[in-house]
Amino acid sequence: MAKKKASSAEATSQSTSEPASASGPASGRRVQLPPAEVRYADELTALAAADRHERPEGWSLSPQSIVDFICGSDGVKVGGNKAEARVITEKFVGHRDVVQRCVVTLAGERGLMLVGEPGTAKSMLGELLAVAISGTGSLAVQGTAGTTEDQIRYGWNYAMLLDRGPVREALVPSPVMTGMRDGKVVRFEEITRCLPEVQDALISILSERRMMIPEMDHAADGAGNSLFAAPGFALIATANLRDRGVSEMSAALKRRFNFETIAPIADEVRERELVSTRAAALLAETGSKAAVDRSLVELLVTVFRDLRNGRSDEGWQVTRPSTVMSTAEAVAVATAITRESVFFPSGFDPVSRMPGHLLGVVMKDEAKDRERLLAYWDGPVRRRAEDGSPLWKRLMELRGVLEE
Ligand SMILES: Nc1ncnc2c1ncn2[C@@H]1O[C@H](COP(=O)(O)OP(=O)(O)OP(=O)(O)O)[C@@H](O)[C@H]1O
Ligand SMILES: [Mg+2]
């Protein structure tokens, strides 16, 4: 039991002991998904070199450059006198104002809580903010129904504890403790899935900016029983509105956070672009140069938006399935179908694969969702086909797939 406790704080820390490089860890070993600080290392270096604005103590970049890093910019000057403009890619598709407010919150004394429907890029935004502010997004706690307080605070290396007593070296810090010590941003994913008493361990950390270590009251090393947070420490939590989890947050903890709601992408054209570019990027990470079919993306994004909003652009009513039709899921479907075209190229028609994949997305919770998808086919899909659109005609012909 004691041993298990010591390792649980360690287990939540996703930080790696290997230093990272552009292609992955320093060993040169390939990794599936390099962390954001590795993927965007060039942009971060360019932004830091060009940054002339004031930055809060402990931050790697100024608030202005952080917003540019996340929302994109085409005018970052690098290279001193022979200045050339460096394009910074748009990573989060959404209002600049939202990102700006997030950055301001993190410079203050409250935590930042990103809430919203599943798949709206809350985790991605949290990671990008952490990377831009602290140079790493690896200090993270994944909230689950089984998260314990020592995964938020600290555990002990019991062998050393028995040998030397409660000295600082015997502590096994959680990511939160490490972030406080080093002045870095810590992410707490899916916080509402944790029990309230566990969540409440954050109250004193957020309000007093210190962590008590009562065991060290009588420590021989005289280091004291508190760890005070260094400048730069801040907390970003995410919570999913659908997956409320085992319990709701206490009012006391809510008051220590600024809430920011992350909405699905409002603009259809931008959502299409994102689905295409993200799917292509995901395929490229696995070494594939396959192009994502434009017609597929067009149909996919329209279907996802209609089912998400409960209404089509033409104003027709659509019954929503119980599953959330998130952009993240649309990216996953576009990626899967394109990957399929690489593995099974002979006579491949991407649109013909769409109904099967859609059924996979929709049929997660309720059997009724199949009927809702069929009703969508009998409504908007049929009407668009009858209006003469060849793509929608093709989709209508595939209705049978949904009944199998
Ligand atoms: N507004 C957006 N900007 C950029 N990417 C987006 C956006 N919305 C969705 N995505 C895509 O969705 C993916 C998944 O996002 P992420 O996992 O961060 O969502 P989430 O809100 O944390 O979801 P969950 O609630 O399920 O944890 C991103 O990697 C990105 O490809
Ligand atoms: Mg998430």
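Computed from a predicted structure; not experimentally measured.

> Explain the overall build of the protein chain here, please?
What the protein chain contains, in helices and strands, is 18 helices and 13 strands. In the protein chain, which comprises 404 residues, the proportion classed as buried is 47%. When contacts within the protein chain are restricted to residue pairs at least 6 apart in sequence, those whose partners lie at least 24 apart make up 70%. By element, 51% of the accessible surface of the protein chain is carried by carbon and sulfur atoms, the whole surface being about 19,500 Å².

> Quick question: what am I supposed to make of a nonpolar patch on the surface here?
A surface patch of nonpolar side chains, amounting to about 340 Å² of accessible area, comprises Val342, Phe343 and Phe344. One can find phenylalanine 343 in helix H14 (residues 327–343).

> Honestly, helix H15 (residues 350–362) in this entry has me stumped. Any pointers?
Since the α-helix advances by 3.6 residues per turn, residues separated by three or four positions end up pointing in the same direction. Taking 1.5 Å as the rise per residue, H15 with 13 residues should run 18 Å; its terminal C-alpha atoms sit 19 Å apart, in good agreement. When the local axis directions of H15 are compared, the greatest deviation, roughly 25°, occurs at glycine 356. All of the buried residues in H15 are Pro350, Val351, Ser352, Met354, Pro355, Leu358, Leu359, Val361 and Val362. If you follow the buried residues of H15, they end up packed against helix H13 (294–309), H14, helix H16 (368–386), helix H17 (390–397) and helix H18 (399–403).

> Got a minute to help me understand the environment of leucine 241 in this structure?
Within the secondary structure, leucine 241 sits in the loop between strand E12 (234–240) and helix H11 (251–254). With relative accessibility at 41%, the residue leucine 241 sits in the partly exposed group. In this structure the C-alpha to C-alpha distance between leucine 241 and valine 115, which are 126 residues apart in sequence, comes to 6.6 Å. Beyond its immediate chain neighbours, meaning those up to four positions away, leucine 241 contacts Val115, Gly116 and Glu117.

> Help me understand the pattern of salt bridges, please; the structure alone is not making it clear to me.
Oppositely charged side chains can pair when the atoms bearing their charge come close. In total, this model carries 23 salt bridges according to the counting rule given. Across the pair glutamate 169 and arginine 164 runs a salt bridge whose closest N-O atoms are separated by 2.7 Å. Note that glutamate 329 and lysine 364 form a salt bridge whose closest N and O atoms lie 2.8 Å from each other. With a gap of 35 residues between them, glutamate 329 in helix H14 and lysine 364 in the loop between H15 and H16 connect regions that are remote in the sequence. A relative accessible area of 45% means that lysine 364 is categorised as partly exposed.

> Which parts of the structure should I look at to understand the layout of surface pockets?
Space left empty within the atom packing is revealed by a probe, the size of a water molecule, rolled over the atoms. Estimates place the volume of the second largest pocket at around 240 Å³. Around the second largest pocket sit 13 residues that line it, and Val93, Gly94, His95, Pro264 and Ala266 are the ones nearest its centre. Across the lining of the second largest pocket, the residue classes tally to 8 nonpolar, 3 polar and 2 charged.

> Would you take a moment to explain unusual backbone geometry for this structure?
Across residues other than glycine, the phi torsion is negative in most instances, and most of the peptide bonds are trans. Notably, alanine 121 is not glycine yet its phi reads approximately 75°, a positive angle. Here alanine 121 shows up in the loop between strand E5 (111–116) and helix H6 (122–134). Not every positive phi belongs to a glycine, and glutamate 190 is a case in point at roughly 50°. Considering the arrangement of structural elements, one finds glutamate 190 in the loop between strand E9 (185–189) and helix H9 (196–199).

> Please clarify how the site of ligand 1 should be interpreted in this entry.
Taken together, 17 residues are adjacent to ligand 1, and Val93, Lys122, Ser123, Met124 and Asn240 come closest. Interatomic distance of 3.0 Å between a backbone N/O atom of threonine 120 and an oxygen atom of ligand 1. Between ligand 1 and alanine 121, the relevant distance is 3.1 Å, taken from an oxygen atom to a main-chain nitrogen or oxygen of the residue. Taken by itself ligand 1 offers 650 Å² of open surface, and the protein chains cover 82% of this. Taken together, the elements giving at least two residues each to the shell around ligand 1 come down to H6, helix H12 (268–285) and H14. It is H6 that provides the largest number of residues to the shell around ligand 1, a total of 3 residues. Of the residues belonging to the shell around ligand 1, the class tally is 8 nonpolar, 5 polar and 4 charged.

Conventions adopted
Residues numbered from 1 in each chain as written. Chains lettered and ligands numbered in written order. Predicted model: local features only at pLDDT ≥ 70, side-chain atom pairs only at ≥ 80, totals over all residues. Heavy atoms only, no water. Helix = DSSP H or I, 4+ residues; strand = E, 2+ residues; numbered from the N terminus. Buried < 20%, exposed > 50% of the residue type's maximum accessible area, 1.4 Å probe, protein only. Contact = heavy atoms within 4.5 Å. Areas by Shrake-Rupley, 256 points an atom, 1.4 Å probe, with all protein chains shown as cover. Patch = residues over 30% accessible without salt bridge, like charges linked within 9 Å, V, L, I, M, F, W, Y side chains within 5 Å. Salt bridge = Lys/Arg side-chain N within 4 Å of Asp/Glu carboxyl O. Expected span 1.5 Å × (residues − 1). Bend = angle between axes of the 7 residues up to and from the residue. 1 Å grid on protein atoms, 1.4 Å probe; cavity = no way out; pocket = protein on both sides within 12 Å on 5 of 7 lines; lining within 4 Å. Points joined across faces, edges and corners; volume = space filled by probe spheres on them. Nonpolar A, V, L, I, M, F, W, Y, C, P; charged D, E, K, R; others polar. Near = heavy atom within 4 Å. Polar contact = N/O pair within 3.5 Å; in protein donor to acceptor, adjacent residues only side chain to side chain.

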